[in-house]
Amino acid sequence: MHQFTIEPLMGSGSWELAGFNIAFTNSALWMVLTTVLLTIFVVGGMKRELVPGRWQMMVESATGFIDDMLEANIGKEGRKYVPYIFSLFMFILFANLLGLLPIGIVGLHPFTFTSHFTVTGVLAIISFAIVLIVGFWKHGFHFFSLFVPSGTPLPMVPIIFPIELISFLVRPFSLALRLFVAMMAGHVLLKVLSSFVIDGTNAGVGFAAMVGVPSFVLMIGISALEILVAGIQAYVFALLTSLYINDAENLH
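Computed from a prediction, not measured in an experiment: that's the story for all the values here.

About the cut-offs
Residues numbered from 1 in each chain as written. Predicted model: local features only at pLDDT ≥ 70, side-chain atom pairs only at ≥ 80, totals over all residues. Heavy atoms only, no water. Axes fitted to C-alpha atoms, helices over the stretch in contact; angles between N-to-C directions. Helix = DSSP H or I, 4+ residues; strand = E, 2+ residues; numbered from the N terminus. Left-handed = near helix turned anticlockwise from the far one by under 90°. Contact = heavy atoms within 4.5 Å. Nonpolar A, V, L, I, M, F, W, Y, C, P; charged D, E, K, R; others polar. Core = buried A, V, L, I, M, F, W, Y, C linked by side-chain atoms within 4.5 Å. Buried < 20%, exposed > 50% of the residue type's maximum accessible area, 1.4 Å probe, protein only. 1 Å grid on protein atoms, 1.4 Å probe; cavity = no way out; pocket = protein on both sides within 12 Å on 5 of 7 lines; lining within 4 Å. Points joined across faces, edges and corners; volume = space filled by probe spheres on them. Polar contact = N/O pair within 3.5 Å; in protein donor to acceptor, adjacent residues only side chain to side chain. Patch = residues over 30% accessible without salt bridge, like charges linked within 9 Å, V, L, I, M, F, W, Y side chains within 5 Å. Areas by Shrake-Rupley, 256 points an atom, 1.4 Å probe, with all protein chains shown as cover. Salt bridge = Lys/Arg side-chain N within 4 Å of Asp/Glu carboxyl O.

Novice: Can you help me understand the packing of helix H4 (residues 117–139) against helix H5 (residues 157–202) in this one?
Specialist: Each packed pair of helices is defined by two parameters, the angle between the axes and the distance between the axes. Packing of H4 against H5 brings their axes to within 8 Å, and their N-to-C directions diverge by 145°. The interaxial crossing formed by H4 with H5 has right-handed handedness. Every residue of H5 that contacts H4 at Phe117, Thr120, Gly121, Ala124, Phe128, Val131 and Leu132 is listed here: Phe168, Leu169, Pro172, Phe173, Leu175, Ala176, Leu177, Leu179 and Phe180. When its residues are assigned to classes, the contact of H4 with H5 shows 14 nonpolar, two polar and no charged.

Here it is as C-alpha cells:
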C-alpha cells in the first residue's frame, strides 16, 4: 500500500505550528500541481478568439457541459454556481487522471490524493456548507421544511423529520466515500495485477505465459476503465452537489 502513503518532502517532516505537523507532503504537492495545471487549462482557453482554437473549444465545451447540467437540475438560477461546480469537477478530474500517470513528475511517483478520505471529505464538507448557506440565506428557518415532505400527515411528522434529517446529514459522508472508494479500489486492483505480471515473469517462461501475459492484458483493460471511472466519479460528485444545491434553492 506504499502508493497511498503520505510522506513529507524537502525535509519538512519536523515542521510544526501550535503542536500540529504542517509538513509539505507528496499529497500537498500533487494538489498544487493539479491546481496549477487546472489554472493553465482555464487561462489558456480565455483568449476569446473569433475562430476558437482547440484549447478554447475544450474549455468552452467543459464550461457549457457544467452550465447545461446546472440548468437542467436547478434552472436558470443555477448559472451562478457554474464557477464552483466547474472548478470542483475539473479539479477532481485532473486529480484522478494525474494519479494514473505511468511516470512521475519532478522525480516523484504519481499520487492520487482523491484516494484519501480526508481529501474527498473536505471537498464534500465545502459543498455541504454551500448547500446550508444557500438554504438558510434564501429560506431562513423555513429551510427545515426540506425534512418534512409535502403532504406528510401531521402524526407522521415526528417520525419522518428525524429520518429525513439523518438522511440529509449523511450526504457529505456518502459523497466523500463514493469518490474515495472508487479511486482506492481501482489503484489497489492495478497494484495486484502488476505484482502478478512481475512475479509471473520472474518465475520463468511458463508462469509468464500463464500468469504474467494475461495479467498484463487485463491491466491494460483496467487502466482504460480507470480513465473512464476518473471522469465518471468527477461527474457524479459535481452532479450530486448540484442536486443538493437544488434542494436548497427550490424547496418542495
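Now that the structure has been shown, we can carry on.
Novice: For this particular structure, what's the right way to read the nonpolar core?
Specialist: Taken as a class, soluble globular proteins show a tendency for nonpolar side chains to be buried jointly. Within the largest apolar cluster, 46 residues are counted, with the highest numbers of intra-cluster contacts made by Ile85, Met90 and Phe237. Residue assignment for this core shows that the elements contributing at least two residues are helix H1 (26–44), helix H2 (54–73), helix H3 (82–98), H4, H5 and helix H6 (205–249). In terms of residue count, H3 provides more of this core than any other element does, twelve residues in total. Not counting residues up to four positions away in its chain, the partners in contact with Phe237 are Leu88, Ile92, Thr120, Leu123, Ala124, Ser127, Leu175 and Leu179.

Novice: Help me out: how do you make sense of the layout of surface pockets in this one?
Specialist: Vacant regions in the atomic arrangement are exposed by a probe of water-molecule size rolled over the atoms. One number sums up the size of the largest pocket: a volume of about 630 Å³. What lines the largest pocket is a set of 24 residues, among which Gln3, Gly99, Leu101, His109 and Pro110 lie closest to the centre. Counting only elements with at least two residues in the lining of the largest pocket, the list comes to H1, H5 and H6. Among the elements that line the lining of the largest pocket, the one with the most residues is H5, at four residues.

Novice: Help me understand the side chain of Thr114, please; the structure alone is not making it clear to me.
Specialist: For Thr114, the location among the structural elements is in the loop between H3 and H4. A polar side-chain atom of Thr114 sits 2.7 Å from a polar atom in the side chain of Asn96. Non-local contacts of Thr114, meaning those with residues more than four positions away in its chain, are made with Ala95, Asn96, Thr120, Leu179, Phe180 and Met183.

Novice: For this particular structure, what's the right way to read a nonpolar patch on the surface?
Specialist: On the surface, a cluster of nonpolar side chains totalling about 520 Å² of accessible area is made up of Val32, Val36, Leu37, Ile40, Trp55 and Met58. At the level of elements, H1 and H2 are the ones that each hand at least two residues to the nonpolar patch. Ranked by the residues each element gives to the nonpolar patch, the list is headed by H1, at four residues. Along the chain, Ile40 turns up in helix H1. Judged by its relative accessible area of 44%, Ile40 falls in the partly exposed class.

Novice: Hey, could you run me through the side chain of Asn26 in this one?
Specialist: By secondary structure assignment, the location of Asn26 is in helix H1. Look at Asn26 and you get buried, because its relative accessible area is 11%. In contact with Asn26, other than residues within four places in its own chain, are Thr5, Ile6, Glu7, Leu9 and Phe111.

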